[in-house]
Amino acid sequence: MYNTTGSIMTTEPFLIHQKCRGMRDLLPDDMVRFRRIEDAFRHGCAAFGYEEVKPPTIEYLQLFTALGTLTPSMVGRIYSFLDWDGWTGERVVLRPDSTIPVARLYVEGLAPRVPTRLFYVTNSFVFDETGSRQRERWQCGAEFIGGTPVASDVEMVLLTQDIIARLGFDGMRFQICHAGLLKALIDELGLGADAKQSLVDTVLDGNWSGLTDAVSRISDEKHYLAPLLDLKGGSAGFLSNIRALSSSAGEAFRNALDQFIEVATLLDELECRYEIDITAVRSFEYYTGLCFQLVSVTGEKVGGGGRYDDLVPMMGGPDIAACGFALYMDQLMRLLSEAPYTADCVAVVCEEGSPSIVCRTLSAAKAVRAVGRNAAVGIRRGVEFSGKYRWIIRVTSAEQDMVELIDSETNDRMVCSVVEAVDRVQS
Amino acid sequence: MEFTSPVDVRVALPKGRFLGPTSAMLQSSGVSFDDYSPGTRHYRIRSSAYEYLSAKILQERDISIHVSTGNYDLGICGIDWVRELKARYPTAALVEISPLDYREGAVFLAASAHSNLRSLDALAASSGTVRIASEYPNLATRLAAELRLRRFRIYPVWGAAEAYPPESADLVLIWARNERDLMSQGLMPLKRLFDVEAVLVGNRESLSQKDLSEVLLCVSGHFRLGGVQPRGVRSPEGGQISAEPLTPWQSRDIRLALPDGHQKTPAVELLERAGLHVPGYAGRTVERRLLGDQKWLAVKVIRPQDMPMQVACGHFDLAVTGQDWLMEHQCCFPASPVTELVDLGFGKVRVVAALSQKVPVTSTGELRDYVARGGFRPLRVASEYTNLADKYLRDNHFVCYKVMPTWGASEAFLSDDADVLIDNTQTGKTLVDNGLKIIEVILRSSACLIANADSLNDPSKKGRIEEIAAQLKGAVH
């Protein structure tokens, strides 16, 4: 760094200001996509009678640990720290999930109001050591608290389909499963408490091989388990087949299967297409009933949700059932097509920077905005607007009232007054 | 892959529990360091066998950090400090090359012998908040998650974790030589987490880019081969849990924390002058739980560094600590309910910013200009006072810097591993002896009596706290 004469030795260029690892800047084109998803989501939720909420970014750690709903590896990936008044050792976190904070919000601020339909657009923070995933993740989520179980499950599926249709995505697949059935299936294995907990943790962390191995070891004895893991059903009939094979199964298994059949039958009657995939359950173990995930044509998971009947009562709230889902915005943004023209904005430009020309340019932009259109001004930088804006108004003279109006789509050019140009872009 | 020749290989060697066996191991391996032996006063040493091999003697917990940051190519430390680092930083560039064939003690989860928590099952059934004091806060957090504790708080401590249960913590995660050791301290082991063996660690980049094979070959004769069977808690024959009764201590109204270590002798003298008698405190052996002559005074002996947070939590009403540690705490928790009652006058130190005498900088302003002109990018700052250091750097408009926590003998880190040191000094001689110079005095500190603001507002405690404060104030020279 320094030599014996005290002069500083230069080092390679050093970029001081970089975004944190795992974080992402949303640039203008990203935000156009972001808002498209958000708008479709808001309109969809409004159409189904949902109200918007926004929980805070920081919550107490114990909100997530007290429920016993996170595996040790999930707790280990939470961003937690001591707040400025954290001398008691009470840790706070950047929320790793939004369903639990919204359930907390409901218990603290809205309970016992039922039914309550809530939606939110939030970010959450989960450490990822592989570097392959963002550590800050955006999601659009909806929670239906206090609805009738099967009907509200189906409402979640219908709402998700509505939003996906608004976004114009084709070929999205719905995979459905049942958390209660999965838990009952693990119970059927007859493992000891520690082995069972360990297996549940690995499954929740996304590793299904342990379960597959355990099922194959007892497949002779309980032949109804293997098809659940191996086969992908497409109708309630598949589940009825399993039901027919499982007469020796425990009561919990059969009850969960019956609930699952009920939901699947309703979806069949509403002509909703889905795949039954018992492995389609994501991360959190607070789910108790129907779970689903949404998979793009490229195989990427872009959303998911499920029923969590125990969460509200576990938080000290009333004994109210609930379900919800979230769309993963980062994944959906990648699937959206190129951003369209920037926010329907009109470019008002001039080629020189004399005060009188600038004044006319700013006045023309003001006239555009006065009729409810957006206007971006470019002084001597008009070239940067080409291809980005459909309409460009070019101010060429300080004295004359005339401007040049350019339609970038057709490359038509016309010389007209500011009033005429404004009329044209307005129409 | 083409390796670079070993022009300079840097090794971090442990102080303390593994110094003796590591010294013997290196000697028998043929890479001996002449000045690496118990009682050494050197930090920087060179191998008498290999010219390119240099070493620094560090605290074990510093070794895992500094090997992972690349300040050292290789290091030897206890596996406990490797796991503590990796529990929080799983992607750290620290490679466990091999366990070595010597070990010392184990890490235990323990509760007070007087506690109702007698097993892990009892712990899992607990619905209240479980408080864990530990020098291993990251391991403690991971363990709490593994045990699925629903509500827990971790109190990181610099040492003396055994003093905290049951009043200030329900559990400790602690290193001990064996179960008997723990039981003699009034603790009941609940789980033996792992045996602490010495481990050879390496920096990932160094292992992939440098030829370290000569050193690795020499040491490889001491690699432990084969796995170690995990062991459960063993009840030692004849082991007895310290039968010290808790009730008298717990029934007393005022809880005072007194310091161990360097501050103990002047604190004993001050208490004598003040007429505050705490039988057992002056002894050569450290008794952690003591009773004052006043019928209402209970005393614990803990580390001064840990006192402000413990007083803030309300675990103690009063404590004798340093103003430096109080300020460090207040930098982290500005609204903390800890207040200084009396400047006790002893233990005077200056907290200073220092750097190498070779750097052409004589003040903080000049350092800032030096950094702005391209020197030290980013500025590496080593300190035991990480929050004070951060405040000093922020207040002086340094833009790009890294604060590296250290656990003692911080001057050893300059100027190889850090550019600036923020540390306490009495005379400044140690700094000068290590080729350093002071560029700013950040804080002048002495011992002080601190109190919890809620205790001061408690009518049942206020009078007694004021009584102690007045006695101590009257005894200050």
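Residues numbered from 1 in each chain as written. Chains lettered and ligands numbered in written order. Predicted model: local features only at pLDDT ≥ 70, side-chain atom pairs only at ≥ 80, totals over all residues. Heavy atoms only, no water.

**Topic: unusual backbone geometry**
Each neighbour pair has its own omega, and for Ala 111 of chain A with Pro 112 of chain A the value is 5°, a cis peptide bond. Note that Pro 112 of chain A resides in the loop between helix H4 (99–109) and strand S5 (116–125). Cis peptide bonds are those with omega within 30 degrees of zero, and the linkage from Pro 165 of chain B to Pro 166 of chain B qualifies with -5°. Its place among the elements puts Pro 166 of chain B in the loop between strand S7 (152–156) and strand S8 (171–176). Phi is positive for Asn 411 of chain A, close to 65°, though the residue is something other than glycine. (Helix = DSSP H or I, 4+ residues; strand = E, 2+ residues; numbered from the N terminus.)

**Concerning the pattern of salt bridges**
Under the criterion given, the structure shown has 50 salt bridges over all chains. For Glu 155 of chain A, the salt bridge is made with Arg 117 of chain A, and the minimal N-O distance between the two is 2.9 Å. In this pair, Glu 155 of chain A sits in helix H5 (residues 149–167) while Arg 117 of chain A sits in strand S5, placing the two residues 38 residues apart along the sequence. Salt-bridge contacts for Glu 300 of chain A lead to Arg 334 of chain A; the nearest nitrogen and oxygen are separated by 2.4 Å. With Glu 300 of chain A in the loop between strand S9 (290–295) and strand S10 (301–307) and Arg 334 of chain A in helix H13 (residues 329–335), this pair connects stretches of sequence that are 34 residues apart. Look at Arg 334 of chain A and you get exposed, because its relative accessible area is 54%. Linked by salt bridges that have partners in common, Arg 103, Glu 179, Arg 192, Asp 195, Glu 197 and Arg 224 of chain B make up one network. (Salt bridge = Lys/Arg side-chain N within 4 Å of Asp/Glu carboxyl O. Buried < 20%, exposed > 50% of the residue type's maximum accessible area, 1.4 Å probe, protein only.)

**Examining the sheet that holds strand S14 (residues 391–395) of chain A**
All names here are of chain A. A sheet is described by the order of its strands in space; here five strands give the open sequence S13-S12-S14-S15-S16, paired in mixed fashion. Of all the strands in the sheet, the pair left with one neighbour each is strand S13 (374–379) and strand S16 (412–417). With strand direction ignored, the average angle separating the axes of adjacent strands in the sheet is 25°. When strand S12 (residues 345–350) meets S14, the two strands line up parallel, connected through four bridges. Within S14, the position partnered with Cys 350 by the bridge is Val 395. Strands in contact with helix H14 (residues 355–370) are S12, S13, S14 and strand S15 (402–407); relative to S13, the strand with the most contacts, it is inclined by about 170°. Contacting S12, S14, S15 and S16, helix H15 (residues 418–426) crosses the sheet at an angle of about 130° to S16. (Pairing = 2+ DSSP bridges. Axes fitted to C-alpha atoms, helices over the stretch in contact; angles between N-to-C directions. Contact = heavy atoms within 4.5 Å.)

**Quick look at the interface of chain B and chain A**
The interface of chain B with chain A comprises 37 residues on the first partner and 34 residues on the second. Carbon and sulfur atoms supply 62% of the area that chain B and chain A bury against each other, a total of about 2,900 Å² over both sides. A per-residue breakdown of the area chain B buries against chain A is headed by Arg 148, Arg 150 and Arg 377 of chain B, which together make up 24% of the total. Seen at the junction of chain B and chain A, the total is one salt bridge. For Arg 153 of chain B, the salt bridge goes to Glu 90 of chain A, with nearest N and O atoms at 2.9 Å. If you look at where chain B meets chain A, you find five residue pairs in polar contact (both at pLDDT 80 or more). (Buried area = accessible area lost by both parts, 1.4 Å probe. Polar contact = N/O pair within 3.5 Å; in protein donor to acceptor, adjacent residues only side chain to side chain.)

**Some points on helix H2 (residues 60–68) of chain B**
Residue and element names in this part refer to chain B. Here H2 lies mainly inside the structure; nine of its nine residues are buried. Looking at H2, one finds that the buried residues are Glu 60, Arg 61, Asp 62, Ile 63, Ser 64, Ile 65, His 66, Val 67 and Ser 68. Gly 70 occupies a position one or two residues after H2 and carries a positive phi of about 95°.

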